[in-house]
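As a plain string of letters, each chain reads:
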Amino acid sequence: MKRIITLALASLLTACSSQLQMPDISDVLPSKELDRTMYLRGDFNLWDAETQYAFTQVAPALYQANVKFSTPGKVYEFKIADMDWSAGYNCGFSEQDPTGQSLTLGQSVIADCDTTYNYFSFTPAIKGSYIVSIDYSDYDQPKVTITKK
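A few points on the structure. Just so you know, the residues in each chain are numbered from 1, in the order the chain's sequence is written. Where local features are concerned, this predicted model is filtered to residues with pLDDT of at least 70; where side-chain atom pairs are given and counted, the filter is 80 or more; whole-chain, interface and lining totals use all residues. Hydrogen atoms and water are omitted, and side-chain values are computed over all heavy atoms in the structure.

### A look at the overall build of the protein
No. 1: Summing up its helical and strand segments, the protein has one helix and nine strands in all.
No. 2: In this text, helices come from DSSP runs of H or I with a minimum length of four residues, and strands from runs of E with a minimum of two, each type numbered from the N-terminal end. Starting at the N terminus, the α and β elements of the protein follow one another as α-β-β-β-β-β-β-β-β-β.
No. 3: Considering the protein as a whole, with its 149 residues, one finds that 34% of them fall into the buried category.
No. 4: Once local pairs closer than 6 in sequence are excluded, the contacts in the protein between residues at least 24 apart make up 63%. Burial classes follow relative accessibility: with a 1.4 Å probe on protein chains only, a residue under 20% of its type's maximum area counts as buried, one over 50% as exposed, and anything between as partly exposed. We call two residues in contact whenever any of their non-hydrogen atoms come within 4.5 Å of each other.

Put into structure tokens, the structure is as follows:
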């Protein structure tokens, strides 16, 4: 009798699990992909759009750019923007989170990509290479993070 109940339960569980649908990858990707190159633009490169500071896609919705900061203790200012500083592609800190203006290593902040003057700032403790990331998993509220390379 135990064997029959065990087989019945196993059959029931198998039938239930076969009807579960796995989420489609498109359900977790951003609804809109970037259609242009974005650049790290700041006081370290005279706010120009230079190819060495172009963001590259490293994962779905995640873009990164490398930058060297050579003066510890100096406040570096920058934005993430396309070639023309276009609306929707001119990203600085969000007024919703004004503490996000000053970036801290490893902590994500919400970016506003329709801002003109809200630049990010970062003060490195040591000189070296850093990675600036922008995550578009939530396209309406991209997140910016800086990490030490």
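### Notes on the environment of Ser 70
No. 1: Following the sequence through the fold, Ser 70 ends up in the loop between strand 3 (62-69) and strand 4 (76-81).
No. 2: Look past the residues within four positions of Ser 70 in its chain and what remains in contact with it is Tyr 76 and Lys 127.

### Quick look at the layout of surface pockets
No. 1: A cavity here means a set of 1 Å grid points, computed over protein atoms only, where a 1.4 Å probe fits but cannot escape. A pocket is an open set with protein on both sides within 12 Å along at least 5 of 7 lines, and lining residues have an atom within 4 Å of a point. Grid points are joined across faces, edges and corners, and a volume is the space filled by probe spheres set on the points. Considered as a void within the structure, the largest pocket measures approximately 240 Å³ in volume.
No. 2: For the lining of the largest pocket, a count of residues per class yields seven nonpolar, four polar and four charged. In the scheme used here, Gly and all other residues not listed as nonpolar or charged are polar, with Ala, Val, Leu, Ile, Met, Phe, Trp, Tyr, Cys and Pro taken as nonpolar and Asp, Glu, Lys and Arg as charged.

### Let's talk about the packing of aromatic side chains
No. 1: Working definition: rings of Phe, Tyr and Trp (its six-membered ring) pair if their centres are within 6.5 Å, and the pair is stacked with planes under 30 degrees apart, edge-to-face with planes over 60 apart, and tilted otherwise. A full pass over the atoms with the stated rule returns ten aromatic pairs.
No. 2: Arranged with centres 5.8 Å apart and planes meeting at 40°, the rings of Phe 69 and Phe 122 form a pair that is tilted. One end of the pair, Phe 69, is in strand 3; the other, Phe 122, is in strand 7 (residues 120-122), with 53 residues separating them in the sequence.
No. 3: These aromatic residues form a ring-pair network of at least three members: Phe 44, Tyr 53, Phe 69, Tyr 76, Phe 122 and Tyr 130.
No. 4: Directly above the ring of Tyr 89 sits Arg 36, whose terminal nitrogen or CZ lies 3.7 Å from the centroid. Whether a charge sits over a ring depends on NZ of Lys or CZ of Arg being within 6 Å of the ring centre and within 35 degrees of the ring normal.

### What to know about the pattern of salt bridges
A side chain of one charge can pair with a side chain of the opposite charge when the charged atoms of the two come close.
No. 1: Every case where a carboxyl oxygen of Asp or Glu lies within 4 Å of a side-chain nitrogen of Lys or Arg is listed as a salt bridge. Tallying each qualifying case throughout the model produces three salt bridges.
No. 2: Here Arg 36 makes a salt bridge to Asp 82, at a shortest N to O gap of 2.9 Å. Within this pair, whereas Arg 36 is found in the loop between helix 1 (2-18) and strand 1 (39-42), its partner Asp 82 is found in the loop between strand 4 and strand 5 (90-93), the two being separated by 46 residues in sequence.
No. 3: The salt bridge partner of Lys 74 is Asp 43, with a shortest N-O separation of 3.3 Å. Taken together, the positions of Lys 74 in the loop between strand 3 and strand 4 and Asp 43 in the loop between strand 1 and strand 2 (56-59) put the pair 31 residues apart, joining distant regions of the chain.
No. 4: Residue classification places Asp 43 among the partly exposed positions, given a relative accessible area of 27%.

### Considering the side chain of Ser 86
No. 1: In this fold, Ser 86 is placed in the loop between strand 4 and strand 5.
No. 2: Polar contact is the term for a pair of N or O atoms within 3.5 Å; when the atoms are in protein, one must be able to donate a hydrogen and the other to accept it, and sequence-neighboring residues count only if both atoms are side-chain atoms. Side chain to side chain, Ser 86 and Asp 82 meet in a polar contact 2.7 Å long.

### Quick word on the state of the cysteines
Working definition of a disulfide: a covalent bond connecting the sulfur atoms of two cysteines.
No. 1: Cysteine sulfur atoms are paired as a disulfide whenever they come within 2.5 Å of each other. With the rule as written, the count across this model stands at one disulfide.
No. 2: The disulfide bridge from Cys 91 ends at Cys 113, spanning 2.0 Å between sulfur atoms. The disulfide joining Cys 91 to Cys 113 has a torsion of about 105° about its S-S bond and is therefore right-handed. Here Cys 91 is found in strand 5, whereas its partner Cys 113 is found in the loop between strand 6 (109-112) and strand 7, with 22 residues between them in sequence.
No. 3: What makes Cys 91 buried here is its relative accessible area of 0%.

### Quick notes on the environment of Gln 64
No. 1: Note on placement: Gln 64 falls in strand 3.
No. 2: Between the alpha carbons of Gln 64 and Tyr 39 there is a distance of 9.5 Å; along the sequence they are 25 residues apart.
No. 3: Engagement of the side chain of Gln 64 in a polar contact is seen with the side chain of Ser 133, the distance being 3.1 Å.

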